[in-house]
Amino acid sequence: MRPFVTTDGLLGRRLVVLIEQPCWLLNTPVQDAWEGEAASFIHAARREQLVRCAIELIAEVGPAKASTVRIAERAGVSRGVLTYHFRDRAELIEQVVRSVYDLGLEFLGPRMGAAASPREALLTFIGGSVELYVAHPTEMAALGKIYSDKDGVPRAGHHRHTREMADLAAGLRAGQEQGQFRAFDVEVMCATVRGALDAALAHIAGGGSVEPYASELQTLFDLATTATPTAPRGD
């Protein structure tokens with residue numbers, strides 16, 4: 001039998017289906033390659049399943065109560081299977097954080113890349129972030145609890161958060177250099193944007209609507225950052 005690999009589901013999970021293969025392919029490099037590819041797909045699919053179950057459980061009960069045993073039970077596997085794929089709980093938690101940031105990048109990346117100016121990029125980031133919170137509440141809840149729980153991971157020192165803030169700062173500086181943004185302290189503005197988005201997440205998690213929240217935030221930061229045209233001096 002040789003593995004035939006197909007893709008199914010929105011998350012791109014790979015399914016391995018066994019079909020008959022010619023006997024002359026048995027124990028050949030071709031068969032070994034097929035089996036290796038199938039094993040790799042199975043491994044990736046299992047890790048994805050475990051991360052998804054960890055996200056759901058952490059969103060429900062927080063990281064402190066999301067033990068490896070409970071995560072494995074949710075996935076329908078033994079704890080040994082979980083520890084085969086993840087060295088320890090800390091590695092799994094880190095993968096959850098990475099997964100949520102990757103989701104955000106996938107959601108916002110194309111929009112940010114299409115922005116024609118730093119101003120447009122800032123407004124896209126703010127509005128798109130609020131839409132992300134609505135589209136993926138479970139993932140955002142899990143990340144928020146990981147960052148806020150004493151048994152979680154501090155956000156301030158995490159490299160993905162640091163990178164996000166650095167990218168935001170770079171965009172603000174670019175806007176200043178191009179004359180689109182006024183002179184302001186970039187670090188303070190970054191912290192203010194992040195704080196406003198944290199409040200937006202709490203608003204959405206509490207059942208609030210995207211609008212007018214998102215558009216009001218965009219207007220607020222547009223007014224806060226846009227350079228004021230210098231009035232012509234009279235003779």
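Let me sum up the structure you'll find in this document.

Reading the values: the criteria
Residues numbered from 1 in each chain as written. Predicted model: local features only at pLDDT ≥ 70, side-chain atom pairs only at ≥ 80, totals over all residues. Heavy atoms only, no water. Salt bridge = Lys/Arg side-chain N within 4 Å of Asp/Glu carboxyl O. Helix = DSSP H or I, 4+ residues; strand = E, 2+ residues; numbered from the N terminus. Buried < 20%, exposed > 50% of the residue type's maximum accessible area, 1.4 Å probe, protein only. Core = buried A, V, L, I, M, F, W, Y, C linked by side-chain atoms within 4.5 Å. Contact = heavy atoms within 4.5 Å. Polar contact = N/O pair within 3.5 Å; in protein donor to acceptor, adjacent residues only side chain to side chain. Axes fitted to C-alpha atoms, helices over the stretch in contact; angles between N-to-C directions. Parallel < 35°, antiparallel > 145°, perpendicular 65-115°, else oblique. Left-handed = near helix turned anticlockwise from the far one by under 90°.

Focus: the pattern of salt bridges
One pass over the structure, following the stated rule, counts 13 salt bridges. Between Arg 111 and Glu 131 there is a salt bridge, with its nearest N and O atoms 2.7 Å apart. One end of the pair, Arg 111, is in helix 4 (residues 89-114); the other, Glu 131, is in helix 5 (residues 118-135), with 20 residues separating them in the sequence. Assessed through its relative accessible area of 32%, Arg 111 is described here as partly exposed.

Let's talk about the nonpolar core
Judged by nonpolar contacts, the single largest core of 50 residues is most densely connected at Ile 71, Leu 172, Val 193, Leu 197 and Leu 217. Mapped onto this core, the elements with two or more residues apiece are helix 1 (29-61), helix 2 (68-75), helix 4, helix 5, helix 6 (137-148), helix 7 (159-177), helix 8 (186-205) and helix 9 (213-225). In contact with Val 193, not counting residues within four places along its chain, are Phe 125, Ile 126, Leu 168 and Phe 221.

Overview of the environment of Thr 226
In this structure, Thr 226 sits in the segment after helix 9. Accessibility expressed as a relative area gives 27% for Thr 226, which makes it partly exposed. As for Thr 226 and Phe 181, which are separated by 45 residues in sequence, their C-alpha atoms are 4.4 Å apart. Apart from the residues lying within four places of it in its own chain, the contact partners of Thr 226 are Arg 119, Gln 180, Phe 181 and Arg 182. Polar side-chain contacts of Thr 226 include one of 2.5 Å to the backbone oxygen of Asp 222.

Let's talk about the packing of helix 4 against helix 6
For any two helices packed against each other, the geometry comes down to the angle between their axes and how far apart the axes lie. For the pair helix 4 and helix 6, the least separation of the axes is 10 Å and the interaxial angle reads 135 degrees. With respect to helix 6, the element helix 4 is oriented oblique. The hand of the helix 4/helix 6 crossing is left-handed. Across the interface between the two elements, Ile 93, Val 96, Val 97, Val 100, Tyr 101 and Leu 103 of helix 4 pack against Glu 139, Met 140, Leu 143, Ile 146 and Tyr 147 of helix 6.

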